[in-house]
Amino acid sequence: MNIIVMGPPGAGKGTQAERLVKEFSLVHISTGDMFRSAIKEGTEMGRKAKEYMDKGALVPDEIVVGIVKERLSKPDCAGGVLLDGFPRTIQQAEALDEVLQDLNITINAVVSVDVEEDELLNRLTGRRVCRNCGTTYHIKFNPPKVRNICDHCGGELYQRDDDTVETVKERLKVYKKQTMPIIDYYQRKGLFLSVDGARSIDDVFADISDHLEKIKGRG
Ligand code: ADP
Ligand code: AMP
């Protein structure tokens with residue numbers, strides 16, 4: 001099974017993706033995580049991506065499509081993938097279709113986690129991420145057992161540079177203008193499902209899992 005998880009920044013895509021990839025044995029492909037790794041490694045691509053990320057803007061399509069294409073071509077993706085945060089523009093969605101066709105991969109579902117703007121601001125400004133393993137927490141809604149320490153690996157938690165109020169507002173604008181048009185793109189293909197993300201992490205997960213189990217049953 002191959003799925004796309006979309007939604008505005010802070011809706012819980014990464015949180016749900018962490019659980020879904022375990023439940024359905026999928027490879028997690030998060031373009032945001034790939035860029036953050038490239039920045040950490042100090043690569044040229046990471047340096048370029050950071051310029052856009054720090055402003056809350058999207059990284060240019062040709063860069064993003066290039067890294068996704070390379071990742072999808074690896075053999076471990078044959079067993080199923082979860083795309084998190086990609087595609088984010090109509091151009092990326094069209095390019096993805098071409099790549100998938102070449103690789104003989106079919107998308108089975110596009111799940112959008114939807115949450116209203118005030119709540120997104122609360123979620124993003126309180127988000128903390130493990131520097132070591134990337135696990136996501138929230139200071140109030142999903143805190144670690146020990147303050148600032150990752151439950152899984154003991155790594156230090158940090159606040160992402162782009163999780164400031166100002167950058168978050170820009171990212172929400174960008175989502176509406178550049179990413180929302182892909183909803184229609186996937187609705188026309190009959191793949192789109194919107195899930196109410198303003199509930200507990202467990203409830204959202206149960207909802208998405210039910211939907212995916214039904215799709216699996218059909219396949
Ligand atoms: P995205 O990947 O969509 O940007 P994240 O999964 O990183 O979003 O979640 C954003 C923040 O909101 C994180 O701090 C996360 O712990 C928290 N969060 C995720 N899902 C929920 C939820 N259902 N209820 C409350 N907080 C949540
Ligand atoms: P995320 O981790 O999904 O919140 O992404 C963080 C940032 O990485 C975004 O604000 C963009 O600057 C960049 N990014 C991630 N995915 C994409 C994408 N598919 N297209 C363009 N930019 C992206």
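Residues numbered from 1 in each chain as written. Chains lettered and ligands numbered in written order. Predicted model: local features only at pLDDT ≥ 70, side-chain atom pairs only at ≥ 80, totals over all residues. Heavy atoms only, no water.

### Digging into the sheet that holds strand E4 (residues 109-114)
Point 1. Reading across the sheet, the five strands line up as E2-E3-E1-E4-E8 and stay open at both edges, with parallel pairing between neighbours. At either end of the open sheet lies a strand with only one pairing partner, and these are strand E2 (27-30) and strand E8 (192-196). Sheet twist, expressed as the average angle between the axes of neighbouring strands with direction ignored, equals 20°.
Point 2. Sheet topology places strand E1 (residues 3-6) next to strand E3 (residues 81-84); three bridges connect them, and they run parallel. Within E3, the residue paired with Ile4 across the bridge is Leu83.
Point 3. Relative to the sheet, helix H9 (residues 201-218) contacts E1, E4 and E8, its axis offset from that of E4 by approximately 165°. (Pairing = 2+ DSSP bridges. Helix = DSSP H or I, 4+ residues; strand = E, 2+ residues; numbered from the N terminus. Axes fitted to C-alpha atoms, helices over the stretch in contact; angles between N-to-C directions. Contact = heavy atoms within 4.5 Å.)

### Description of helix H1 (residues 13-24)
Point 1. Taking 1.5 Å of rise per residue, 12 residues should cover 16 Å, and H1 covers 16 Å from first to last C-alpha, within 8% of that figure.
Point 2. Residues of H1 that are buried include every one of Lys13, Gln16, Ala17, Leu20, Val21 and Phe24, and no others. Mapping the buried residues of H1 onto a view down its axis gives an arc of 130°, with all of them on the same face.
Point 3. Tucked inside the fold, the buried residues of H1 contact E1, E2, E3 and H9.
Point 4. Ser25, located one to two residues past H1, shows a positive phi value of around 50°. (Expected span 1.5 Å × (residues − 1). Buried < 20%, exposed > 50% of the residue type's maximum accessible area, 1.4 Å probe, protein only. Arc of directions from axis to C-beta.)

### Focus: the site of ligand 1
Point 1. Looking at ligand 1, there are 19 residues lining it, with Gly10, Thr15, Arg127, Tyr137 and Arg199 nearest.
Point 2. One of the side-chain N or O atoms of Arg127 is found 2.6 Å from an oxygen atom in ligand 1.
Point 3. Protein chains shield 93% of the accessible area of ligand 1, which is 560 Å² for the free molecule.
Point 4. Every element with two or more residues in the shell around ligand 1 is listed here: H1 and strand E6 (136-138).
Point 5. Taken together, the residues of the shell around ligand 1 sort by class into six nonpolar, nine polar and four charged. (Near = heavy atom within 4 Å. Polar contact = N/O pair within 3.5 Å; in protein donor to acceptor, adjacent residues only side chain to side chain. Areas by Shrake-Rupley, 256 points an atom, 1.4 Å probe, with all protein chains shown as cover. Nonpolar A, V, L, I, M, F, W, Y, C, P; charged D, E, K, R; others polar.)

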